[in-house]
Each structure stands twice: as C-alpha cells, then as structure tokens.
Amino acid sequence: MATGKIRYWAAAKEAAGVAEETFDAVTLGELMTKITADRSELARVVRRCSFLVDGAPVGKRPHDEVTLGDGVTVEVLPPFAGG
C-alpha cells in the first residue's frame, strides 16, 4: 500500500472541504473510491477532473491501471474556464 498526498484545486477543493490530505492506496482507482466514499459532491466533481501523478498527466488511462508509488502527490484538477 502506497502512502502519499492528494491536492485538490478549485471546485474539487471546495467539494473536498480541504486543500490536501494524505492517503493510502495502491492505484488511482482505489484512491478515487476512498476519497469519494460518503462525499457525494466530491464524487460528482472528480468525474469531470483530470489528474496529475507527480506532475505527469494521467490522461485517458484507466484509473485502476495507474499505480501509485510511496510518497506520490496526486493533483485533482477540475476543468478550468478562461482563455
């Protein structure tokens, strides 16, 4: 089980109620399940988000296939408006 930090930005931060928190998870899919349990608004928001794992974009890879290493930082980025 990897431990790390998850950082929330913009609407994800508002829905989570915190800017960041620590986690224990093996994959990004497991992490998403854990952070959205009993947090319906956060679950709604993260469905539209993109993710960075230690600065690298996850892209369209299935979250269950994205392995998290110890000490990793996961960034949750909602869609941003603007130009």
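As shown above, the structure is provided for reference.
Summarised in this report is the structure supplied together with it. (Residues numbered from 1 in each chain as written. Predicted model: local features only at pLDDT ≥ 70, side-chain atom pairs only at ≥ 80, totals over all residues. Heavy atoms only, no water.)

1. Looking at the environment of glutamate 21
- Within the fold, glutamate 21 resides in strand β2 (residues 20-25).
- For glutamate 21, a relative accessible area of 24% gives the class partly exposed.
- When sequence neighbours within four positions are dropped, the list of residues in contact with glutamate 21 reads Gly4, Lys5, Ile6, Tyr8, Ile35 and Arg39.
- Of note is the side chain of glutamate 21, whose polar atom sits 2.4 Å from the side chain of tyrosine 8. (Helix = DSSP H or I, 4+ residues; strand = E, 2+ residues; numbered from the N terminus. Buried < 20%, exposed > 50% of the residue type's maximum accessible area, 1.4 Å probe, protein only. Contact = heavy atoms within 4.5 Å. Polar contact = N/O pair within 3.5 Å; in protein donor to acceptor, adjacent residues only side chain to side chain.)

2. Points about the pattern of salt bridges
- Applying the stated criterion across every chain yields a total of 5 salt bridges.
- The salt bridge partner of glutamate 75 is arginine 7, with a shortest N-O separation of 3.1 Å. In this pair, glutamate 75 sits in strand β5 (residues 72-77) while arginine 7 sits in strand β1 (residues 2-8), placing the two residues 68 residues apart along the sequence.
- Exposure remark for glutamate 75: the relative accessible area of 13% places this residue in the buried category.
- A relative accessible area of 26% means that arginine 7 is categorised as partly exposed. (Salt bridge = Lys/Arg side-chain N within 4 Å of Asp/Glu carboxyl O.)

3. Things to note about helix α2 (residues 28-36)
- Listed in full, the buried residues belonging to α2 are Leu28, Gly29, Leu31, Met32, Ile35 and Thr36. The arc that holds the buried residues of α2, viewed along the axis, is 160°, so those residues lie on one side.
- If you follow the buried residues of α2, they end up packed against β1, β2, α3 (40-46), β3 (50-53) and β5.
- Looking one or two residues past α2, aspartate 38 carries a phi angle of roughly 65°, positive in sign. (Arc of directions from axis to C-beta.)

4. Focus on unusual backbone geometry
- The phi angle at alanine 10 is positive, at roughly 50°, despite the residue not being glycine.
- As for its placement among the helices and strands, alanine 10 is situated in helix α1 (residues 10-16).
- Backbone geometry at aspartate 54 places phi at a positive 50°, although glycine is not the residue there.
- Relative to the helices and strands, aspartate 54 is located in the loop between β3 and β4 (56-57).

5. A closer look at the environment of arginine 7
- With 66 residues separating them along the chain, arginine 7 and threonine 73 place their C-alpha atoms 7.3 Å apart.
- Setting aside residues no more than four positions away along its own chain, arginine 7 makes contact with Ala19, Glu20, Thr73, Val74, Glu75 and Val76.

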